[in-house]
Amino acid sequence: MSMGRRRKTGLKIFLGLIGFAIVFVGVFFGVQFFTKTGFFKIPGVVYYDDSLSSEERTILEDIFTKDVVLDKDVHISARNSLELGLIPKNEFLYNIYLPVTDFYSSETDLSVETVAEAFDSGFQETNNFSLIPFSDLDFSKKLLSLNGKYYLDDFNEGGIYRVISFESEKYDEEIKPLVADKLTKTFPTKDTVLTFAQTGVTALSRRMNTRLNTVGGDATYFAAEIGPFLSAFDITHTSNESSFTDYASGSNICSDKRFIDTLTTIGLDIVELTGNHNQDCGNQAAIDTIDTYIEKGIDIVGGGKNADEAKKPLELSKKNTNITMLAFNQSTGGATRGNTPGANQYYEEVAAEQIREAKARGDLVIVDIQYYECSAYASSYEDPICDAADSSAGDQIGFFRHLIDLGADVVVGTSAHQAQTFELYGDGVIYYGLGNLFFDQTDWPGTTRSLVLSHYFYEGKLLQTKLVGTVYGNDMQTKLLDADTMKWWIERLVKVRP
């Protein structure tokens, strides 16, 4: 083959390769152009829905910055729900907004419609209530229920659940890795909130002994109505003033031994022994009664077989909350005399040191006080004189407030047979008297009612103390107080707060 012909053939091949390359490149970039891939790919766009608040949008814009390149579009929106339910994988529970009101309010419940309308209209506060994020909830505000659903009892209802949603074809690959750490939050559940019921005076004695024999000796009778409520708490407390003995009668403050079944029916976990009647039937009865509590697995505070036992703090640790409970008898009699059983006598230096040690451990501190009693119970009508905190002898207000000044978080009076007022003070809260949970005082209306302090603790913080009322009549069966009477009663107690 001649040299010229070989050159022509090589040129054709070269030109053919050039043409093929041009076609290939054209097709390659053409496909990318028309399919918006490769060099012509348009990055995914973030679309923010108008349902997002300015706060939510700011947080999201801090995540989806200009440096974040997405493969697919993402549409972000928010919604409100009155029930928590199951959260889909592409949604996050951003916040829970709770209805609260003034600490001293007698209101307990709101309609769902009222709260939803207030939230949707952008008003976070009205004359009657405000909506706050869960993180702002503490005992100084009163949590309200919604259509009877109390958030700290239900968790799935009782608030407005704010949810942020992400719609993207590549949610798992692109969106979740970006937002999960920033938007995943932990909220309380039944397994993480510690519930603690504190009750007032229990004295299963006198006419209750007589009544026990008329109901066939079944001591669960007295707690049949209130038992399911109290036993549902993680911890249930009462201050029992009478010891078990075979010598209990219709006229003494001593308990038939069968009355232990009343206490186990309410699920009693802690018995306070600061009362002034535990030795009424002798030291041996008091010692035997303590043994009975120990046998039943019931913790003891504020009393013991001797002074050293009586003064021991009760340390509670449950559900990531640590509580030190102290209980003292202040001038009502019945205190231990060294090696004899009895109540824990109040001494300033001991109380101050025990509170200081508990606070150094990071514990919440509850102090119960058996104080002087109001002596104006003898009335067949509603006599409010014992409602006030200064209705007892001595400076009750100053003494209880001093315990808060020493570092106590909650101070509770456990001697009052008629419930007394309450107040926020300093960094804590005071309940001056809770009234009778179980007793035979039926002649005076004020002594038939009591307050149950329903404490809710979460992560070492007192979230709320809900006041629940109880009442008993001539049948001596303690029951929950109806809502209307409870509202009237709280208004009455609040009127005389310090």
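Placed above this text is the structure.
Residues numbered from 1 in each chain as written. Predicted model: local features only at pLDDT ≥ 70, side-chain atom pairs only at ≥ 80, totals over all residues. Heavy atoms only, no water.

Caption draft 1: Broad picture of the overall build of the protein. When its secondary structure is counted, the protein shows 13 helices and 24 strands. Against the globule reference of 23 Å for 498 residues, the protein gives a C-alpha radius of gyration of 34 Å, more extended than a compact globule. Scored against the burial criterion, the 498 residues of the protein give a buried share of 50%. Long-range contacts, defined here as pairs at least 24 residues apart, represent 75% of the contacts in the protein between residues at least 6 apart. Seen as two clouds, the 45 positive and the 70 negative side-chain charges of the protein have centres 13 Å apart. (Helix = DSSP H or I, 4+ residues; strand = E, 2+ residues; numbered from the N terminus. Rg over C-alpha atoms; globule rule 2.2 N^0.38 Å. Buried < 20%, exposed > 50% of the residue type's maximum accessible area, 1.4 Å probe, protein only. Contact = heavy atoms within 4.5 Å. Lys, Arg positive; Asp, Glu negative; His and termini not counted. Charge placed at Lys NZ, Arg CZ, Asp CG, Glu CD.)

Caption draft 2: Layout of helix α3 (residues 112-120). Considered for burial, the residues of α3 that qualify are V112, V115, A116, A118 and F119. For α3, the arc enclosing every buried residue in end-on projection is 160°, short of the 170-degree limit, so these residues lie on one face. Along α3, exposed side chains directed more than 90 degrees from the buried face belong to E113, E117 and D120. Where α3 is buried, its residues meet β2 (74-81), β3 (91-102), β4 (109-110), β5 (130-133), β7 (145-146) and β8 (160-168). (Arc of directions from axis to C-beta.)

Caption draft 3: Molecular detail of the layout of surface pockets. Here the largest pocket is characterised by a volume of approximately 700 Å³. Lining the largest pocket are 32 residues, with T108, K466, L467, V468 and M486 positioned closest to its centre. Looking at the lining of the largest pocket, the elements that each hand over two or more residues are β6 (141-143), α4 (151-154), β23 (461-471) and α13 (483-495). Among the elements that line the lining of the largest pocket, the one with the most residues is β23, at six residues. Of the residues in the lining of the largest pocket, the class split is 13 nonpolar, eight polar and eleven charged. Put simply, the second largest pocket is a space of about 270 Å³. In this structure, the second largest pocket is lined by 15 residues; those nearest its centre are D153, K190, T195, A232 and Y456. Going through the elements one at a time, α4, β9 (193-202), β22 (449-458) and β23 are the ones with two or more residues in the lining of the second largest pocket. (1 Å grid on protein atoms, 1.4 Å probe; cavity = no way out; pocket = protein on both sides within 12 Å on 5 of 7 lines; lining within 4 Å. Points joined across faces, edges and corners; volume = space filled by probe spheres on them. Nonpolar A, V, L, I, M, F, W, Y, C, P; charged D, E, K, R; others polar.)

Caption draft 4: Quick peek at the nonpolar core. Core analysis: the biggest nonpolar cluster contains 33 residues, and F196, I270, I323, F422, Y431, L451 and F457 have the highest contact counts within it. Of all the elements, α13 adds the most residues to this core, at five residues. With sequence-adjacent residues up to four places away left out, I270 is seen in contact with F196, I235, T236, H237, T238, I298, D299, V301, L314, L316 and M325. Grouped together as the second largest cluster of nonpolar side chains are 29 residues, I76, Y97, V112 and F129 included. (Core = buried A, V, L, I, M, F, W, Y, C linked by side-chain atoms within 4.5 Å.)

Caption draft 5: A look at the packing of aromatic side chains. Tallying each qualifying case throughout the model produces 22 aromatic pairs. Seen in terms of ring centroids, Y104 and F422 are 6.3 Å apart; in terms of plane orientation they differ by 15°. Their pairing is stacked. Here Y104, found in the loop between β3 and β4, pairs with F422, found in strand β19 (residues 422-425); they are 318 residues apart in sequence, far enough to count as distant. The pair formed by Y104 and F422 is uniform in burial state, with each residue classed as buried. Here F222 and F259 contribute two aromatic rings whose centre-to-centre distance is 5.3 Å and whose plane-to-plane angle is 50°, an arrangement assigned as tilted. With F222 in the loop between α6 (207-214) and α7 (227-231) and F259 in the loop between β10 (235-240) and α8 (260-265), the pair connects residues that are 37 residues apart, well separated along the chain. Both residues of the pair, F222 and F259, belong to the buried class. Sitting over the face of the ring of Y150, K466 holds its NZ or CZ atom 4.0 Å from the ring centroid. (Phe/Tyr/Trp six-rings, centres within 6.5 Å; stacked < 30°, edge-to-face > 60°. Lys NZ or Arg CZ within 6 Å of the ring centre and 35° of its normal.)

Caption draft 6: Representation of the side chain of T199. On the secondary structure map, T199 appears in strand β9. A polar contact of 2.7 Å, which involves the side chain of T199, links it to the backbone oxygen of H237. Within the structure, T199 has its side chain in polar contact with the side chain of T238 (distance 2.8 Å). Leaving out residues up to four positions away in the same chain, T199 has contacts with L230, H237, T238, S239, L434, L437, L451 and V452. (Polar contact = N/O pair within 3.5 Å; in protein donor to acceptor, adjacent residues only side chain to side chain.)

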